[in-house]
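The lines below spell out each chain.
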Amino acid sequence: MDRNLQRQVANMRKSLFDQGYLDEQFIQLEDLRDDANPNFVEEIVTLFYTDSAKLIRNIENALENNPSDFERLDDYMQQFKGRSSSIGAKKVKTECSQFREYCKAGNAEGCIRTFQQLKQELATLRRKLETYFEMARQANT
């Protein structure tokens, strides 16, 4: 094991929390990892992104076809927020909450704007986590 690489992984992990990308739920996921399944967290995050793609498409379709169906949009976003919470995706979860507030206010423009921001946060988190997991694998070989 490369001590320098392990230090880099630890610093990267810390920065994900310090920058507000992750919250304590991510730590709880890490606590569930064991020798039998050392890639548990990475597998859960991968499932999250697979499931998220479908919800993103549903929200995009709803915003395109009927942007004033705030009940449906809120339902989709509630699901998305729950999934984001399950992996500790703090910034994504915050955008979900903002989107839901715009739904309650009947503000389609706010929903559209917030949805774009949510997708950006989701993509940023994905890139950061992919880099983190790759470095962690290298550090443990």
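Structure's up top.
What comes next concerns the included structure. Along each chain, numbering runs from 1 in the same order as the chain's sequence is written. For this predicted model, a pLDDT threshold of at least 70 governs which residues receive local features, and a threshold of 80 or more governs which side-chain atom pairs are given and counted, while totals over whole chains, interfaces and linings are taken from all residues. Excluding hydrogens and water, the side-chain figures rest on all heavy atoms present in the structure.

Note that a disulfide, as used here, is simply two cysteine sulfur atoms within 2.5 Å. Taken as a whole, this structure holds zero disulfides when the rule is applied. C103 takes part in no disulfide bond, and the closest cysteine sulfur, belonging to C111, lies 3.7 Å away.

Definition used for salt bridges: Asp or Glu carboxyl oxygen within 4 Å of a side-chain nitrogen of Lys or Arg. For the structure shown, the criterion picks out 10 salt bridges. Residues E30 and R13 are paired through a salt bridge, measuring 2.6 Å at the closest nitrogen-oxygen approach. Here R13 lies in helix α1 (residues 3–18) and E30 lies in helix α2 (residues 24–31), a separation of 17 residues in the sequence. Partly exposed describes any residue whose relative accessible area lies between the buried limit of under 20% and the exposed limit of over 50%, with all areas from a 1.4 Å probe on protein chains only and scaled to the type maximum. Judged by relative accessible area, which is 25%, R13 ranks as partly exposed. Starting at the N terminus, helices and strands are each numbered in turn, a helix being any DSSP run of H or I of at least four residues and a strand any DSSP run of E of at least two.

Planes of paired rings set the category: under 30 degrees apart is stacked, over 60 is edge-to-face and the rest tilted, where pairs are Phe, Tyr or Trp rings (Trp by its six-membered ring) whose centres lie within 6.5 Å. Scanning the entire structure with this criterion turns up six aromatic pairs. On the numbers, 6.2 Å between centres and 65° between planes, the contact of F17 with F26 is edge-to-face. Each member of the pair, F17 as well as F26, carries the same accessibility label: buried. Here F48 and Y49 contribute two aromatic rings whose centre-to-centre distance is 5.0 Å and whose plane-to-plane angle is 75°, an arrangement assigned as edge-to-face. Three or more aromatic residues joined by ring pairs make a cluster, and in this case those are F17, F26, Y132 and F133.

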